[in-house]
Amino acid sequence: MKILNKQKLKDLLNSLAADATVYAPVKQDGVIRFQAWNGDQEIDLTDNALLPPKDLLFPQTEVMYKYTANGMRAEITEVAATAEKQVIFGMRPCDVKSLSMMDDVFLTKGYEDDYYKSKRENTVIISLGCNEPAPTCFCSSMGVDMTEAEGADVMMFDLGDKLALEAKTEIGENLLASASGLEDGSADKPAGGQCQLKVEPDGLAEKLAKMFEHPYWEELCRKCLGCGACTYLCPTCHCFDIRRKNIGEKGFQFRCWDSCMFSEYTRMAGGHNPRPSKKERVRNRFLHKLQYFPERYGKVACVGCGRCLAKCPVNMDITRIIKELGEVAINE
Amino acid sequence: MSDPVRKQLEAHPLVPVVGEIIKIVEETPDVKTFHVTTEHGKPFTPMPGQLAMLSLLPVGEAMFSITTQGEDHLEFSIKKTGMLTDALHEAEVGQKVGIRGPYGNGFPVDFCKGKNMLFIGGGIGLAPVRSMIYHCINNRDEYGKMQIIYGARSPQDLVFKEDLFENWPKVSDCEVNVTVDRGDDRWDGHVGFVPQFIEELGPKPENTVAIICGPPIMIKFTLPIMEKLGFTDEQIITTLEMRMKCGIGKCGRCNIGSCYVCLDGPVFSLAQLKNMPNEY
Amino acid sequence: MMDLTQKMRDKARELLEKEEVKYVIGWEKGTFWYQSPPVFISRPEDVDKLVWDQFCINNLSKYLLDFKHLEGKIALFVKGCDSRGINRLLQDQQVQRDAFIVIGVPCPGMKDPEKAKGLSEDKADQLQLAEKCATCTTPNPVIYDELLGDEVAAAQVDDVERFARVNELEQKDPDEKYDFWKRQYDKCIRCFACRNVCPACNCRECVFDQAEPEWLGKRVVSSENQFFALTRAMHVAGRCIECGECERVCPMGIPIMSLNRKIIKDINNLFGSYDAGMNLEDQPPLGKYDVNDPEEFM
């Protein structure tokens, strides 16, 4: 185990930045988000970042390829280059867990998404355990150990004025061996905090399979504004759109996050929309997380980070919804 | 699949291979069939019922069923419905296009083997069915009697006229029945809607698979008649349309329940559809 | 406020029992003590969910659009700011006045739920007013069929206070202003919460949702984000009712009301003082023509 005096955090990040881009939580204009370390930012390890670091593997906007086209001619001139090495510093165990869902989507079921894959393979993860979960956290109900992030290369603990770092993979070991500011040492792993919110999602998928036509959805959707805040703040939401931008003869194809909450999402060229109203869209969002994803990939697509319920303007609370879905009566 | 194309699509499944339109057939005032190939020849060899993403690079990309294929090309029959299809209808032979695929499950050719084949199409819905019709023609010994029932709004809206009136009637043990909703001065064939036409013709369900594709209103009125004729849900096969962007089960929007139409579809039996949420 | 809660419940029960309305829209307790989100009551036995406390911050008026095609009436509770939203929708001819019943509730100002996070409930009294309520000029509903409780005294908010943030931004030079807004809108994730909550954003189909023509590119980059921000700001110019919901719901903390209030201030200077949604008679300054309008640009 290595110990870092927080005074020397900049040294550590600078040494990591020598051969990789380092992303760390920085508070800027009132928002904590992962930013590329430039040697001179205030790192904020208090609360989890408002935006999960998923955009480092799956950017909100990403150029896929460039082309030229003129009249009959068309040519693909460049396919987006493969990713460069990056280190994500201070990623919380819930967000690390979300990568297993992103991996399922982008790397399995017959096709590997090369844009995601190249970033994923070039990413080293230093996870920060949570001593004190936020009131909106419910990760312990979603199979997250807030002191041990499965899939992290290095596990880190906040000891107050110090950080303890423990390598979990060979990559992590090599990283720590060459990093500055660290001293050998030992420390007791903090116990981790208690989530105030708890849910019981086990067995829910089976019940939901019988609830597609349940009147619950009609009532649930009423207060939803149909905005995409929940989907864009969610570390497991991964739906995207593919569009293009033309500038004269040149152009590029890009993908960008999309939200199942938006009316345009499923609307077809002829005008038909299989999910025409808020009810179908809200239902799809929750069934996707709680039934469809488990059916397809064997796990619930929620890690209990609580961002959606912290930021939803109308308090659509997935923990309440899980409870209500568990309690509501169905006609079998 | 041609080797260079396969390699490129494996490395970058979302990046199309650039190909070219080598022939355009005007089927109806708003449907054209495009023959597409690449410098490496036919980009891939799809199973009947499979899909491909076709693009005009500066305009956009959309999923189309592969109507059929030749030795060196794929065919897409496309109705004018939006920005991309409008632009495609303006295209001329020699136009470069992007193509990637093949996607989806395709028709269950093995399940159909040894059975009588009933094909029911309405309007542009004959396009995906045509791939299976040609599969059966090309493997004529493996399938029983063929019957094609097809209808369109008017005589000028009938697609694949050469197939309907010249090619398919010549196929051994193949009956072709064509109807139009409204005739015109020169039309001496059947007039009436597809569902009623099926009822009049009364195809037999014994050892038969029915492949149905057409506008939702046609499907809606056809299914009760099929049931009346004695077809079970397992014997009825159809193909769905959903909005698609990636085609490889990642982007999320073509889901019906936990199934993705681009990967697990677009072909489903009525029995399967009845077990899925009614959201398509 | 306990007293008003009871009055609300009684009123809702009466309306539902007499079958005068299909739904009553009010507020209920949420996940945490500092949340009172919207609730839709359709059965008399559910009226006890309704609450009136210092966290009923959501403007409910926009929900009327969801019930446009309902057969039967809706009743909803409105604070002062919410009631201006009702006038907004009526003036924009988005809803029919006889399709709903407005029950006014005088509002002492709501507390800031963001500041309450992590506090225990016994600290509720120490909480400040929410920012959107601190400069409120309309605590009492301006349109209603029935008013519950007694009107409260309007705080004396002068224009200096109301436009404090605008005045501060106006001190910046153009480069500093650009830098400020660029940084703010670079945070935008384009969730459209601001638009979706806004009673002035009531178009049947929003230009930002149109795929063809694609007015707003879907890339989340500075230029598109700024185009979105400015288009929306100009679209609600002269029509913004200052409920402050856009800024409250923004997950990224963008000071959207500074933009809206800058435009309000400019419009007031150009066309005379105007407060949107105060009544149905006064037309928005940019929505009418007056021969005396200034025309320095001609």
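Only a predicted model underlies this, so the values are computations on that prediction, with no experimental measurement involved.

Novice: Mind showing me how you'd approach the overall build of chain C here?
Specialist: Scanning chain C from terminus to terminus reveals 11 helices and 5 strands. At 20 Å, chain C has a C-alpha radius of gyration in line with the 19 Å of a compact globule built from 298 residues. Seen through its C-alpha atoms, chain C measures out along the principal axes to roughly 60 × 45 × 40 Å. By residue count, 55% of the 298 residues in chain C fall in the buried class. The contacts in chain C between residues at least 6 apart in sequence include a share of 70% that link residues at least 24 apart. Accessible surface computed for chain C: about 14100 Å², of which carbon and sulfur atoms make up 50%.

Novice: Would you mind going over the sheet that holds strand β10 (residues 182–184) of chain A with me for this structure?
Specialist: Picture the strands of a sheet paired through backbone hydrogen bonds; they go either parallel or antiparallel. Residue and element names in this part refer to chain A. The mixed open sheet is built from 8 strands, whose spatial order is β3-β2-β6-β7-β8-β9-β1-β10. The sheet is open, and its two edges are formed by β3 (31–36) and β10, each paired on a single side. In this sheet, neighbouring strand axes are inclined to one another by 30° on average, regardless of whether the strands run parallel or antiparallel. Where strand β7 (residues 123–128) meets strand β8 (residues 154–158), 3 bridges bridge the pair, whose relative direction is parallel. Bridging from a neighbouring strand, Leu 128 pairs with Met 156 of β8.

Novice: Would you take a moment to explain the interface of chain A and chain B for this structure?
Specialist: The parts lose accessible area when they come together, and the size of an interface is often stated as this lost area. Across the contact, 50 residues belong to chain A and 43 residues belong to chain B. On the chain A side of the contact with chain B, A:Met72, A:Tyr111 and A:Arg296 bury the most area, a combined 19% of that side's loss. In this structure, A:Asp241 engages B:Lys245 in a salt bridge whose closest nitrogen and oxygen atoms are separated by 3.0 Å. At the surface where chain A touches chain B, the tally comes to 28 residue pairs in polar contact (both at pLDDT 80 or more). Secondary-structure elements contributing two or more residues to the side of chain A that touches chain B are β4 (61–70), β5 (73–79), α2 (93–107), α3 (114–121), β11 (240–247), β12 (250–257) and α8 (278–297) of chain A. Per-element accounting of the side of chain A that touches chain B gives the leading share, 8 residues, to α8(A). For the side of chain A that touches chain B, a count of residues per class yields 23 nonpolar, 9 polar and 18 charged.

Novice: What am I meant to see in the domain arrangement of chain B here?
Specialist: Residues and elements named next belong to chain B. Split by domain assignment, chain B resolves into domain 1 (3–103) and domain 2 (109–239). A C-alpha centroid distance of 25 Å is found between domain 1 and domain 2. Across the domain 1 to domain 2 interface the summed buried area is about 1200 Å²; carbon plus sulfur atoms make up 61%. Among the residues of domain 1 in contact with domain 2, Glu 27, Pro 48 and Thr 67 are the three that bury the most area, contributing 37% of the side total. We note a salt bridge from Arg 130 to Glu 75, for which the minimum N-O separation is 3.0 Å.

Novice: Is there a simple way to think about the sheet that holds strand β11 (residues 190–191) of chain B in this case?
Specialist: Residue and element names in this part refer to chain B. One open sheet holds the 7 strands; their spatial order is β11-β10-β9-β8-β12-β13-β16, and the pairing between them is mixed. In this open sheet, the two edge strands, each paired with only one partner strand, are β11 and β16 (267–269). Direction of pairing for strand β13 (residues 236–239) relative to β16: antiparallel, over a ladder of 3 bridges. Within β16, the residue paired with Thr 239 across the bridge is Val 267. Its contacts with the sheet put helix α5 (residues 161–170) on β9 (146–152) and β10 (174–180), and the angle it makes with β10 is roughly 160°. Seen against the sheet, helix α7 (residues 216–229) touches β8 (116–122), β12 (208–213) and β13 and runs at an angle of roughly 160° to β12.

Novice: Help me understand empty space enclosed by the protein in this model?
Specialist: To find leftover empty space, a probe the size of one water molecule is rolled over the atoms. One pass over the full model with this rule turns up 10 cavities of 30 Å³ or more. Empty space within the largest cavity amounts to approximately 190 Å³. In this structure, the largest cavity is lined by 16 residues; those nearest its centre are A:Phe262, C:Arg190, C:Phe192, C:Phe208 and C:Lys218. A breakdown of the residues in the lining of the largest cavity according to their chemical character gives 9 nonpolar, 1 polar and 6 charged.

Novice: Is there a simple way to explain unusual backbone geometry in this structure?
Specialist: Negative phi values dominate among residues other than glycine, just as trans dominates among peptide bonds. The omega angle of the peptide bond from B:Gly101 to B:Pro102 is -5°, so this bond is cis rather than trans. Looking at the element boundaries, B:Pro102 is found in strand β7 (residues 96–103). In this structure, the amide linkage connecting B:Gly265 to the following residue, B:Pro266, adopts the cis form with an omega of 5°. Mapping B:Pro266 onto the fold places it in the loop between α8 (261–264) and β16. At A:Asp29, a residue that is not glycine, the phi angle is positive and equals roughly 50°.

Novice: Looking at this structure, how should I read the packing of aromatic side chains?
Specialist: When we look at a pair of aromatic rings, we describe it by the centre distance and by the angle of the planes. Using the criterion set out here, one finds 26 aromatic pairs over all chains in the structure. Positioned over the ring face of A:Phe286 is A:Arg285, at 5.6 Å from the centre of the ring. Sitting over the face of the ring of B:Phe160, B:Arg130 holds its NZ or CZ atom 4.2 Å from the ring centroid.

Cut-offs used in this document
Residues numbered from 1 in each chain as written. Chains lettered and ligands numbered in written order. Predicted model: local features only at pLDDT ≥ 70, side-chain atom pairs only at ≥ 80, totals over all residues. Heavy atoms only, no water. Helix = DSSP H or I, 4+ residues; strand = E, 2+ residues; numbered from the N terminus. Rg over C-alpha atoms; globule rule 2.2 N^0.38 Å. Buried < 20%, exposed > 50% of the residue type's maximum accessible area, 1.4 Å probe, protein only. Contact = heavy atoms within 4.5 Å. Areas by Shrake-Rupley, 256 points an atom, 1.4 Å probe, with all protein chains shown as cover. Pairing = 2+ DSSP bridges. Axes fitted to C-alpha atoms, helices over the stretch in contact; angles between N-to-C directions. Buried area = accessible area lost by both parts, 1.4 Å probe. Salt bridge = Lys/Arg side-chain N within 4 Å of Asp/Glu carboxyl O. Polar contact = N/O pair within 3.5 Å; in protein donor to acceptor, adjacent residues only side chain to side chain. Nonpolar A, V, L, I, M, F, W, Y, C, P; charged D, E, K, R; others polar. Domains from an automatic or database assignment. 1 Å grid on protein atoms, 1.4 Å probe; cavity = no way out; pocket = protein on both sides within 12 Å on 5 of 7 lines; lining within 4 Å. Points joined across faces, edges and corners; volume = space filled by probe spheres on them. Phe/Tyr/Trp six-rings, centres within 6.5 Å; stacked < 30°, edge-to-face > 60°. Lys NZ or Arg CZ within 6 Å of the ring centre and 35° of its normal.

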